[in-house]
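Below, each chain spelled out in residue letters.
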Amino acid sequence: MEIVTSQKITTFLMFEGEAENAMTFYSTLFDDAEIVSIQRYGADGPGKEGSVQHATFSLAGEQFMCIDSPAKHAFAFTPAISLFVQCADEAEIDRLYTALAEQGTELMPLGDYGFSPKFGWINDRFGVSWQLNLSA
């Protein structure tokens, strides 16, 4: 007997005013990427009118959700949670690393760290952490 469940785990990113910019940027970097849906705050709030109340987007077939939180928080993204991208070739890892590192923070520059022929780790301009790995 097969048990069918509707449970699904989706990565959820909380921004403070940069959700649409982030998902638009990410959508330009990955194949099979699209912004699936956007719901915006209206004039009656609680968020800034026109900002992202809830959005869904996909990158390389993986679905993500994001919001622009109307509340200010004392926390932000951390490298303790990162998006791990398995890159098919050097051109892809170089392209992604360059784009994600622009205005971001390099945590581990592209290099051979022994566990991979080429690996890099970045916090992008929005604070989201990415690990890029070249498949061996």
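Residues numbered from 1 in each chain as written. Predicted model: local features only at pLDDT ≥ 70, side-chain atom pairs only at ≥ 80, totals over all residues. Heavy atoms only, no water.

- For the protein, an unreviewed UniProt entry supplies the name VOC family protein and the organism Streptomyces albidocamelliae.

### Focus: the pattern of salt bridges
Thought 1: Within this structure, the stated rule accounts for 4 salt bridges.
Thought 2: For E20, the salt bridge identified is with R40, shortest N-O distance 2.7 Å. In this pair, E20 is assigned in helix α1 (residues 19–29) and R40 in strand β2 (residues 34–40), connecting sequence segments 20 residues apart.
Thought 3: Given the relative accessible area of 39%, R40 is considered partly exposed.
Thought 4: The salt bridge partner of K118 is E90, with a shortest N-O separation of 2.9 Å. A residue pair is termed long-range when its members are at least 10 positions apart, and K118 in the loop between β6 (105–111) and β7 (119–123) and E90 in helix α2 (residues 90–101) qualify at 28 residues.
Thought 5: K118 sits in the buried class, given a relative accessible area of 15%.
Thought 6: Residue classification places E90 among the partly exposed residues on the basis of a relative accessible area of 45%. (Salt bridge = Lys/Arg side-chain N within 4 Å of Asp/Glu carboxyl O. Helix = DSSP H or I, 4+ residues; strand = E, 2+ residues; numbered from the N terminus. Buried < 20%, exposed > 50% of the residue type's maximum accessible area, 1.4 Å probe, protein only.)

### What to know about α1
Thought 1: Looking only at α1, the buried set comprises A19, A22, M23, F25, Y26, S27 and L29.
Thought 2: Each element contacted by the buried residues of α1 is listed here: β1 (11–15), β2, β3 (52–59), β4 (62–68), α2 and β8 (129–134). (Contact = heavy atoms within 4.5 Å.)

### Some details on the packing of aromatic side chains
Thought 1: Throughout the structure, instances matching the rule amount to 12 aromatic pairs.
Thought 2: A ring pair is formed by F25 and Y26, whose centres lie 5.9 Å apart and whose planes are at 50°; its orientation type is tilted. Y26 matches F25 in its accessibility class, with the two residues each being buried.
Thought 3: Ring geometry for Y26 against W130: centres 5.2 Å apart, planes inclined by 65°, an arrangement best described as edge-to-face. With Y26 in helix α1 and W130 in strand β8, the pair connects residues that are 104 residues apart, well separated along the chain.
Thought 4: According to the relative accessible area criterion, Y26 is buried, its value standing at 1%.
Thought 5: Sitting above the plane of the F25 ring, R125 keeps its charged end 4.1 Å from the centroid. (Phe/Tyr/Trp six-rings, centres within 6.5 Å; stacked < 30°, edge-to-face > 60°. Lys NZ or Arg CZ within 6 Å of the ring centre and 35° of its normal.)

### Looking at the sheet that holds β8
Thought 1: An order of β5-β8-β7-β6 is seen for the 4 strands of this open sheet, with the pairing classed as mixed. Edge positions in the open sheet fall to β5 (83–87) and β6, since each of these has one partner strand only. On average, each strand axis in the sheet is tilted by 15° relative to the strand beside it, whichever way the strands run.
Thought 2: Taken together, the 4 bridges between β6 and β7 define a ladder with antiparallel strand orientation. When the sheet's bridge partners are listed, T105 is paired in β7 with N123. (Pairing = 2+ DSSP bridges. Axes fitted to C-alpha atoms, helices over the stretch in contact; angles between N-to-C directions.)

### Regarding α2
Thought 1: Spanning 12 residues, α2 covers 16 Å between terminal C-alpha atoms, matching the ideal 16 Å at 1.5 Å per step.
Thought 2: Of all the residues in α2, the buried ones are I93, L96, Y97, A99, L100 and A101.
Thought 3: Two or three places before A91, at the start of α2, stands the capping residue D89, its side-chain oxygen 3.3 Å from that residue's backbone nitrogen.
Thought 4: Positive backbone phi, approximately 65°, marks Q103, located one or two places after α2. (Expected span 1.5 Å × (residues − 1). Polar contact = N/O pair within 3.5 Å; in protein donor to acceptor, adjacent residues only side chain to side chain.)

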